[in-house]
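# Summary of structural features
Take a look at the letters that make up each chain.
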Amino acid sequence: MLSRNPICSKNIHSSFKRTLLGLAALMLSVLPVQACRAATDDRTIIVGYDENSFPAYFQEAGQWVGMDVEVIRRLIQGAGLTYHPVSMKFPRLHKDLRMGVVHLVPNLTKTKKRSKDMEWIGPVRVTAIALLCRPEKLGIPIGSYEDLEQAVEDTQLRIAYVTATSFSESFDRRLADEAFVRSLFFVSEKATAARMTKAGRVLGFFYDDLEAAAIMQQPEMAKLEGFDGLAIHDFRIPGSEGGVYIGMSKRLPDAVRTALQQEFQTIQQNGELDAIISRWTEADNAVNAAGQSSILNPSSSQR
């Protein structure tokens, strides 16, 4: 029988302990900067964006700009807080909002499920979720979920669906239906859905009709977003006709949430909100909207 060497055992235990401490230090060192900010600075509002979603938010010269960006920065500025943007994939973004690592996420549909984890600022605007497809698919008659499933069966092309997105209560219920889910092709981002649609690999994908129309009005933006060669089908997701909101983490302090809500009421009542939306959604104005923004361009006459 081999005897146990107490000295060797002690050395192994000490080495194991040092290894664990080293791993713990490494894990702390790679935590996102925004998580540290969220935990230590109650005046900094972490705003999360995923991929470009013109005109709501998109990157220009390395900065996030757009309709919702301008609204959010106006709210944060008016509340005397500090704006800090972060970028990540939507599934992670939604998770971090629930955890309070991210404080605000724009361009969301309000649902009962999401309301368990977040409060809402808005509605910022009213829209609906449409099916985007290739022009030759516009004649396919789709007026209901059943029609949508039939179209998938007839064409043998599924609908691209960006994981974790939510469009209406009825759509969320459909996601629990295995037959309906088989009609979907899950992707991680809108850009993939657009590429697959243009390539004829899927029938189409769901997108905000107001944003889609604004993108398609500008050939350069349509090409940049990958929407060139696409069209807006008449089908709208049932129950999606309504408001688009800014999701707000319930983990923010009560006073901060109240201040942001009050600022939204202010710009809603004094006409600022309508003016911002008009600048970004009217074709003649959208191209120059970033330069006209009183938040993004302090030298503007509208500051």
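Residues numbered from 1 in each chain as written. Predicted model: local features only at pLDDT ≥ 70, side-chain atom pairs only at ≥ 80, totals over all residues. Heavy atoms only, no water.

### Notes on the confidence of the model for the protein
Note that predicted coordinates carrying low pLDDT should not be read in detail. Confidence in the prediction of the protein, expressed as mean pLDDT, is 83, and 80% of residues score 70 or more. Within the model, pLDDT remains below 50 along residues 290-303, and this stretch shows 24 contacts once partners closer than five positions in the same chain are excluded. (pLDDT = per-residue confidence, 0-100. Contact = heavy atoms within 4.5 Å.)

### Details of the layout of surface pockets
Approximately 280 Å³ is the volume found for the largest pocket. Together, 14 residues line the largest pocket, and His 94, Lys 113, Ala 164, Ser 166 and Asp 172 are the ones closest to its centre. Looking at the lining of the largest pocket, the elements that each hand over two or more residues are helix H4 (90-99), helix H5 (112-115) and helix H7 (169-174). Among the elements that make up the lining of the largest pocket, the one with the highest residue count is H7 (3 residues). (1 Å grid on protein atoms, 1.4 Å probe; cavity = no way out; pocket = protein on both sides within 12 Å on 5 of 7 lines; lining within 4 Å. Points joined across faces, edges and corners; volume = space filled by probe spheres on them. Helix = DSSP H or I, 4+ residues; strand = E, 2+ residues; numbered from the N terminus.)

### Some details on the environment of Glu 51
With respect to the helices and strands, Glu 51 occurs in the loop between strand S1 (44-49) and strand S2 (58-60). Residues Glu 51 and Lys 190, spaced 139 residues apart in sequence, show a C-alpha to C-alpha distance of 7.6 Å. If near-sequence neighbours (up to four positions away) are discounted, Glu 51 is found in contact with Tyr 57, Trp 64, Glu 189, Lys 190 and Ala 191.

### Describing the pairing of strand S8 (residues 159-162)
Residue alternation in S8 divides its side chains into two sets, Ile 159 and Tyr 161 and Ala 160 and Val 162, and both sets are buried. Across 4 bridges, S8 lies against strand S9 (residues 184-187) in parallel orientation. Pairing of Ile 159 across the sheet is with Leu 184, part of S9. Of the pairings in the sheet, the one linking S8 to strand S10 (residues 204-208) comprises 2 bridges and is parallel in character. Its bridge partner lying in S10, Ala 160 is registered against Phe 205. (Buried < 20%, exposed > 50% of the residue type's maximum accessible area, 1.4 Å probe, protein only. Pairing = 2+ DSSP bridges.)

### Structural notes on the sheet that holds strand S7 (residues 129-133)
Pairing between the strands of a sheet comes from backbone hydrogen bonds, and it takes one of two forms, parallel or antiparallel. On the basis of which strands lie adjacent, the open sheet formed by 5 strands has the order S9-S8-S10-S7-S11 and mixed pairing. Both outer strands of the open sheet, S9 and strand S11 (231-236), are each paired with one neighbouring strand and no more. When strand polarity is set aside, the average angle formed by the axes of neighbouring strands in this sheet is 40 degrees. (Axes fitted to C-alpha atoms, helices over the stretch in contact; angles between N-to-C directions.)

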